[in-house]
Amino acid sequence: MNNRDQDNASKSEDSNLARLPVNSRASNRFDGSVEGLRATPLSGASHNQVALFHHRLRPYQHCWSLIFTDRWVNDIVVSGYAIPFNSIPPHFPPSPSLFRDPSHESLLQQEVSRLLTIGAVERVPIQFRGRGFYSTYFLTQKKSGGWRPILDLRRLNHYLRKQKFKMVTLASIIPALHKGDWFASLDLQDAYFHITIHPAHRRFLRFVVGAEHYQYRVLPFGLSAAPRVFSKTLAVVAAYLRRLNIAIFPYLDDCLLKAPTREEATWAVTTTTAVFEALGLIINVGKSSLVPSQDLEFIGARLDALSARVYLPATRFQMIRDLVRTVSIAPRSSILTYLKLLGHMAATTYVVAHARLHLRSLQHWLFKVYTPGVHAVSKTVSIPRQVRTSLIWWDNPQNLLSGVPFHAQRPTVQITTDASLIGWGAHLQQHRVQGLWSAQESLLHINLLELRAVSNACRHFLQRIRGHAVHILTDNICTVYYINRQGGARSRSLCAEAIRLWNWAIHHNITLTASYLQGKDNTIADALSRHFLPQHEWELHNEVAHGLFRLWGFPSIDLFATRHNKKCHHYCSRAGTGKNSLGDALLLNWGSHQLLYAFPHLPLIPRALEKIATEGATVIFIAPFWPRQTWLTQLSRMSVAQPQRLPLMPNLLSQQHGSMLHPSIDRMHLTAWLLTGFSHRK
């Protein structure tokens, strides 16, 4: 996200906070109303008419203006999307269409007629034909049968500016689910077509079918910027719905809704449908699941709220099994076949335990024999025996269809490790171990030694960690990555070491997670007591904190602190050092304490909310009020008092006893919440 996007996003959050009223039914929850969105669109467009996508959203701009003030999105709604070119593409003339089957041309003509009818494309004026940027328009076969027309924009994409953005994925959805939840899903019809292309940029989206020249008026599939612009546009809608206390997870054209009861889920579906209609967003009813269910398939996963597990759908398992058997039996297969298999494997990593671990063999071999841009995907190769053997695991339904729990096992043991070119060391609570590298090991890269130090430490402490979820603290980022990702593609030696570690851990019923610990904190006890304050360890102003304590009660433990910024006599510190430190907060049972205080680092907010919910804790919780974050709904649901917006003062957050102030305090929108876990509400 660039600076302008960040500024607009910040303004949007602040404006939305002021616009929407508080729900009168529960004063501790932020809420709004869809009644104001029921205005007639400017053009009088109706969902009962044929869906016309040219300027699809502009007739509803008044309703859009009621839910946000994001200038970037407003420009798209009013004027259309300007493609973010890194350099302006030159004229690229049309090339004659080639068809493997004569019937394809008539099929393309039928598709173009449909696009003309709905306003997605238009004919290029005669005086401009042959100018602009032309791409090939062709047919590709669907997996379900039939053909899909494709505008090949690969050449054009080379001229686009690369822009990063975050999407909601299964990794962020699954931890937010709970046993007994109810689900529904909404699918948007021709989702990208809702976004109009700015008239000046339509000349870059031209193609030829037969003797006619056409250009897209709306956002086409195949444009590399399409997922980003559509996701960012839909994000403001999701933010508004979260203010209505609706838990929504948008993934491109699919939206998941979840609620703790069937009644709330039904209300969420009705309200979301009304909001979408008021904004001109067209729902594909046939592909949506509008009746709440506790067992729902969503973006390649089956969500089962009764067992609180997520499963790989049987159809996807069969697809993988068929491909595995195809490449295992055939003496040679195309690179494209192997790429498809690897892609299907990678798509299972969030719903199949240890999937990453078992795709590494195919991944490393494939990257060795295939280089994009050098080798053709039609090239055929013979699969090595060791890779073929690794595929057996993927043919077993017990491995792929057992599912994974909504909430991973929480770590109960913590090991801190370190390595040098001379030796290695580790400690588990008060227990320590160290060793020297052999002459051969001392020649290895330090990244490999850091990962081997973890292996040595785990083996040494086996009797203390068997059957546990173990949290590894290390000052080596590569070690963190290769443990959490169960290997990797860049280094074969690191991947092999990680695979050996994970296979050993699985054999002993051990689950591993790893986090980075600053190097100055990652030494023996004396050096640990003199650690450097990390950049994320911001201290809340004492008067503000104690004002909250006088309002809601004085907590017994500061859960995320250091000895420099603690607000309570007892506190939890990352390295477990310092007088009166109780160690890692995530290893503590929060439910056994009457009142706690938490100001967690942003990435830890979902894990902290999960502990509050599952352990039934009561916590004074400090977090930004950011409706675009999926955890805002959970904050509202667990809140038992009116949230308190913290004052916008320059020294609200500081470091080094107030000598260093937070540089962007106005963008934080910090809010205090009094939260109570679900078990205390029964």
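Look above for the structure.
All of the points below concern the structure found in this document. (Residues numbered from 1 in each chain as written. Predicted model: local features only at pLDDT ≥ 70, side-chain atom pairs only at ≥ 80, totals over all residues. Heavy atoms only, no water.)

1. Describing the packing of helix α11 (residues 355-369) against helix α17 (residues 492-507)
Geometrically, a packed helix pair is captured by the angle between its two axes and the distance between the axes. Keep this limit in mind: Axis definition: a line fitted to C-alpha atoms, limited for helices to the stretch in contact. Angles are taken between N-to-C directions and run from 0 to 180 degrees. Going along the chain from the N terminus, every DSSP run of H or I of four or more residues is numbered as a helix, and every run of E of two or more is numbered as a strand. Orientation is classified from the angle alone, with under 35 degrees giving roughly parallel, over 145 giving roughly antiparallel, 65 to 115 giving roughly perpendicular, and any other angle giving oblique. A clockwise turn of the near helix away from the far one marks a right-handed crossing, whereas an anticlockwise turn of less than a right angle marks a left-handed crossing. Residues are treated as being in contact if the distance between any of their heavy atoms lies within 4.5 Å. When residues are grouped by polarity, Ala, Val, Leu, Ile, Met, Phe, Trp, Tyr, Cys and Pro land in nonpolar, Asp, Glu, Lys and Arg in charged, and all others, Gly among them, in polar.
It is the contact of α11 with α17, at a shortest axis distance of 10 Å, that shows an interaxial angle of 160 degrees. As the angle between them shows, α11 and α17 are arranged roughly antiparallel. The crossing of α11 and α17 is left-handed. Residues L357, R360, H364 and W365 of α11 touch α17, and the partners they reach there are R492, C495, I499, W502, N503 and I506. Among the residues making up the contact of α11 with α17, the classes are represented as 6 nonpolar, 2 polar and 2 charged.

2. Here's the deal with the sheet that holds strand β29 (residues 670-676)
Our working rule: At least two DSSP bridges between two strands are required for those strands to pair.
The strand order across the open sheet built from 6 strands is β23-β22-β24-β25-β29-β26, with neighbouring strands paired in mixed fashion. Each edge of the open sheet carries a strand with a single partner, namely β23 (570-571) and β26 (644-645). Relative to β29, strand β25 (residues 618-624) runs antiparallel, the two being bridged by 7 bridges. Directly across from V619, in β29, lies its bridge partner L675. With respect to the sheet, helix α20 (residues 605-615) is in contact with β25 and β29, its orientation differing from that of β25 by roughly 160 degrees.

3. Thoughts on the environment of I415
Formally: Burial here depends on accessible area, computed with a 1.4 Å probe over protein chains only, as a share of the maximum for the residue type. Under 20% is buried, over 50% is exposed, and the range in between is partly exposed.
Tracing the chain through its elements places I415 in strand β16 (residues 413-419). The exposure class of I415 is buried, given its relative accessible area of 0%. Between the alpha carbons of I415 and I472 there is a distance of 5.1 Å; along the sequence they are 57 residues apart. In this structure I415 touches A426, H427, L428, A457, C458, F461, I465, V470, H471, I472 and L473, once residues within four positions along its chain are discounted.

4. With respect to the pattern of salt bridges
Pairing is possible between side chains that carry opposite charge, provided their charged atoms lie close to one another. Rules: For this document, the term salt bridge refers to a Lys or Arg side-chain nitrogen within 4 Å of an Asp or Glu carboxyl oxygen.
Inspection of the entire model under this criterion finds 18 salt bridges. As a salt-bridge pair, R637 and E264 come within 3.1 Å of each other at their nearest N and O atoms. Of this pair, R637 sits in helix α21 (residues 632-638) while E264 sits in helix α8 (residues 262-278), and the two are 373 residues apart along the sequence. Given the relative accessible area of 12%, R637 is considered buried.

5. As for unusual backbone geometry
Positive phi values are uncommon outside glycine, yet I299 reaches one of about 40 degrees. Here I299 is to be found in the loop between β10 (295-298) and β11 (301-304). With phi around 55 degrees, A308 is a residue other than glycine that occupies positive phi space. Along the chain, A308 falls in the loop between β11 and β12 (309-311). Here A308 falls in the buried class, since its relative accessible area comes to 15%.

6. Considering the sheet that holds strand β1 (residues 121-123)
Across the sheet, which stays open at both edges, the 3 strands sit in the order β1-β6-β5 with antiparallel pairing between neighbours. The sheet is open, and its two edges are formed by β1 and β5 (206-209), each paired on a single side. The mean inter-strand angle of the sheet, taken between neighbouring strand axes irrespective of direction, is 35 degrees. In this sheet, strand β6 (residues 212-216) lies alongside β5 in antiparallel orientation, the contact comprising 4 bridges. Following the sheet pairing, V209 is matched in β6 by E212. Helix-sheet contacts for helix α4 (residues 103-117) involve β1, β5 and β6, and the interaxial angle to β1 is about 100 degrees.

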